[in-house]
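Next come the chains, spelled out residue by residue.
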Amino acid sequence: MAVLVAGYGWLGSVVDGGFGAAVGSGAGLILCALLYPLVESAVSGRPARGGRRD
């Protein structure tokens with residue numbers, strides 16, 4: 001997670017300095033939050049939402 005956020009922050013800083021770094025870091029955090037349920041369901045074998053409960 002830290003690598004993804006730092007990478008987006010660095011890319012944003014290259015594009016637009018400090019403000020770009022803040023926006024890039026925020027985008028990285030949002031992307032992590034969106035990817036987490038997908039990765040968790042892939043690893044555990046359970047559906048991300050809904051589905052049958054055991």
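Cut-offs and rules
- Residues numbered from 1 in each chain as written.
- Predicted model: local features only at pLDDT ≥ 70, side-chain atom pairs only at ≥ 80, totals over all residues.
- Heavy atoms only, no water.
- Helix = DSSP H or I, 4+ residues; strand = E, 2+ residues; numbered from the N terminus.
- Buried < 20%, exposed > 50% of the residue type's maximum accessible area, 1.4 Å probe, protein only.
- Areas by Shrake-Rupley, 256 points an atom, 1.4 Å probe, with all protein chains shown as cover.
- Patch = residues over 30% accessible without salt bridge, like charges linked within 9 Å, V, L, I, M, F, W, Y side chains within 5 Å.
- Salt bridge = Lys/Arg side-chain N within 4 Å of Asp/Glu carboxyl O.
- Expected span 1.5 Å × (residues − 1).
- Bend = angle between axes of the 7 residues up to and from the residue.

**Section: the overall build of the chain**
The helix and strand tally for the chain stands at one helix and zero strands. Every one of the 54 residues in the chain was classed for burial, and the buried ones make up 17%. Put simply, the chain shows about 4400 Å² of open surface, and 67% of that area lies on carbon and sulfur atoms.

**Some thoughts on a nonpolar patch on the surface**
On the surface, Trp10, Leu11, Val14 and Val15 cluster together into a nonpolar patch covering about 460 Å² of accessible area. For Val14, the location among the structural elements is in helix 1 (residues 2-44). A relative accessible area of 52% means that Val14 is categorised as exposed.

**Points about the environment of Ala6**
Along the chain, the position of Ala6 falls in helix 1. The exposure class of Ala6 is partly exposed, given its relative accessible area of 48%. Taking the C-alpha atoms as reference points, Ala6 and Ser25, separated by 19 residues in sequence, lie 6.5 Å from one another.

**Quick look at helix 1**
Structural remark: α-helix, 3.6 residues per turn; residues separated by three or four positions point the same way. Between its first and last C-alpha, helix 1 extends only 22 Å over 43 residues, short of the 63 Å set by a 1.5 Å rise per residue. The sharpest bend along helix 1 reaches about 150° and sits at Asp16. For helix 1, the full list of buried residues reads Val5, Gly9, Gly12, Gly20, Ala21, Gly24, Gly28, Cys32 and Ser41. Looking one or two places after helix 1, you find Gly45, whose phi comes out positive at around 85°.

**Focus on the environment of Val3**
With respect to the secondary-structure elements, Val3 resides in helix 1. For Val3 and Gly28, which are 25 residues apart along the polypeptide, the C-alpha to C-alpha distance reads 9.2 Å.

As far as function goes, none of this settles anything; it's purely spatial.
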